[in-house]
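Next come the chains, spelled out residue by residue.
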Amino acid sequence: MESFLAWFMGAIGQHVSKEMAVFLVSMLPLIEERGGLILAGLLKIPMWKGIFYCVLGNILPIPFILLLIKKVLHWMARHNMNGIVAKIEAKADKNRDKIMKHGFYGLILFVGIPLPGTGAWTGSLVAALFDMDLKKASISILLGIFLAAVIMTTLSYGVLGNLVH
């Protein structure tokens with residue numbers, strides 16, 4: 001994660017403000033809010049400002065994923081990208097049982113607990129591909145993003161922040 005953040009700041013971060021860099025990192029799949037909050041802490045962005053830009057960046061892609069991922073995957077399959085489609089569907093299927101077993105609360109925890117392979121992107125993918133109720137899924141993902149913000153802020157500005165400074 002740190003090597004990616006260092007590359008990002010060298011390649012892109014030098015052309016945008018620190019806040020915009022944090023916002024953009026928080027939008028990326030796999031990195032998401034977790035990476036954004038680590039970056040915000042490293043860049044010494046004030047905590048509340050960092051949280052704002054990270055949460056906003058992590059929320060922004062979610063409606064597009066929930067509403068459009070099936071159409072995008074269908075388009076990709078029609079244009080000989082079946083391998084990528086299969087990988088994406090396998091990722092969703094791999095996490096399906098974890099989320100569907102506990103429904104609304106399972107999705108909150110899946111999105112909110114910062115473990116590899118979890119987060120808002122994957123949670124949205126699972127919710128969309130397995131036809132979860134859009135309103136419930138949206139609320140659940142949003143609450144998960146807030147939970148992740150609490151956990152990662154504690155780590156980035158607390159534990160990790162004290163180790164780095």
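Everything discussed here concerns the structure shown above.
The present account deals with the structure reproduced in this document. The structure presented is a predicted model; accordingly, all values stated were derived computationally and were not measured.

### A closer look at the nonpolar core
So, point 1. In this structure, Leu107 and Ile141 are the most contacted members of the largest nonpolar core, which totals 40 residues.
So, point 2. Aside from chain neighbours lying at most four places away, what touches leucine 107 is Ile99, Gly123, Ala127, Met132, Ala137, Ser140 and Ile141.

### Here we look at the packing of helix α6 (residues 82–100) against helix α7 (residues 103–112)
So, point 1. Between α6 and α7, the least distance of the axes is 7 Å, while the angle of their chain directions is 120°. One element, α6, and the other, α7, form an angle in the oblique class. Note on element contacts: α7 touches α6 through Gly103, Gly106, Leu107 and Phe110, opposite Asn95, Ile99 and Met100.
So, point 2. Residue classes in the contact of α6 with α7 are distributed as 4 nonpolar, 3 polar and no charged.

### A few points about helix α3 (residues 32–42)
So, point 1. For α3, the tally of buried residues reaches 10 of 11 residues, placing the bulk of the element in the interior.
So, point 2. Regarding α3, the residues found buried are Glu32, Glu33, Arg34, Gly35, Gly36, Leu37, Ile38, Leu39, Ala40 and Gly41.
So, point 3. Immediately downstream of α3, the backbone of lysine 44 shows phi near 60°, a positive value.

### Describing the packing of aromatic side chains
So, point 1. Applying the stated criterion across every chain, the model contains 2 aromatic pairs.
So, point 2. Taking the centre distance of 5.1 Å and the plane angle of 80° together, the rings of phenylalanine 52 and tyrosine 53 count as edge-to-face.
So, point 3. Looking at tyrosine 53, the relative accessible area reads 26%, which means it is partly exposed.

### Topic: the side chain of glutamate 19
So, point 1. If you trace the backbone, glutamate 19 turns up in helix α2 (residues 18–27).
So, point 2. Polar contacts involving the side chain of glutamate 19 include one to the side chain of lysine 49, which spans 3.4 Å.
So, point 3. When neighbours within four sequence positions are excluded, glutamate 19 is seen to be in contact with Ile45, Lys49 and Tyr53.

### Focus on α7
So, point 1. Where burial is concerned, most of α7 is hidden: 7 out of the 10 residues are buried.
So, point 2. Buried within α7 are the following residues: Gly103, Gly106, Leu107, Ile108, Phe110, Val111 and Gly112.

### Notes on a nonpolar patch on the surface
So, point 1. Nonpolar side chains collect at one region of the surface, where Leu60, Phe64, Leu67, Leu68, Val72 and Leu134 lie side by side and expose about 540 Å² of accessible area between them.
So, point 2. Sort the elements by how many residues they give to the nonpolar patch and helix α5 (residues 62–78) lands first, with 4 residues.
So, point 3. Within the element layout of this structure, leucine 60 appears in the loop between α4 (47–59) and α5.
So, point 4. For leucine 60, a relative accessible area of 39% gives the class partly exposed.

How each quantity is defined
- Residues numbered from 1 in each chain as written.
- Predicted model: local features only at pLDDT ≥ 70, side-chain atom pairs only at ≥ 80, totals over all residues.
- Heavy atoms only, no water.
- Core = buried A, V, L, I, M, F, W, Y, C linked by side-chain atoms within 4.5 Å.
- Buried < 20%, exposed > 50% of the residue type's maximum accessible area, 1.4 Å probe, protein only.
- Contact = heavy atoms within 4.5 Å.
- Axes fitted to C-alpha atoms, helices over the stretch in contact; angles between N-to-C directions.
- Helix = DSSP H or I, 4+ residues; strand = E, 2+ residues; numbered from the N terminus.
- Parallel < 35°, antiparallel > 145°, perpendicular 65-115°, else oblique.
- Nonpolar A, V, L, I, M, F, W, Y, C, P; charged D, E, K, R; others polar.
- Phe/Tyr/Trp six-rings, centres within 6.5 Å; stacked < 30°, edge-to-face > 60°.
- Polar contact = N/O pair within 3.5 Å; in protein donor to acceptor, adjacent residues only side chain to side chain.
- Patch = residues over 30% accessible without salt bridge, like charges linked within 9 Å, V, L, I, M, F, W, Y side chains within 5 Å.
- Areas by Shrake-Rupley, 256 points an atom, 1.4 Å probe, with all protein chains shown as cover.
- Salt bridge = Lys/Arg side-chain N within 4 Å of Asp/Glu carboxyl O.

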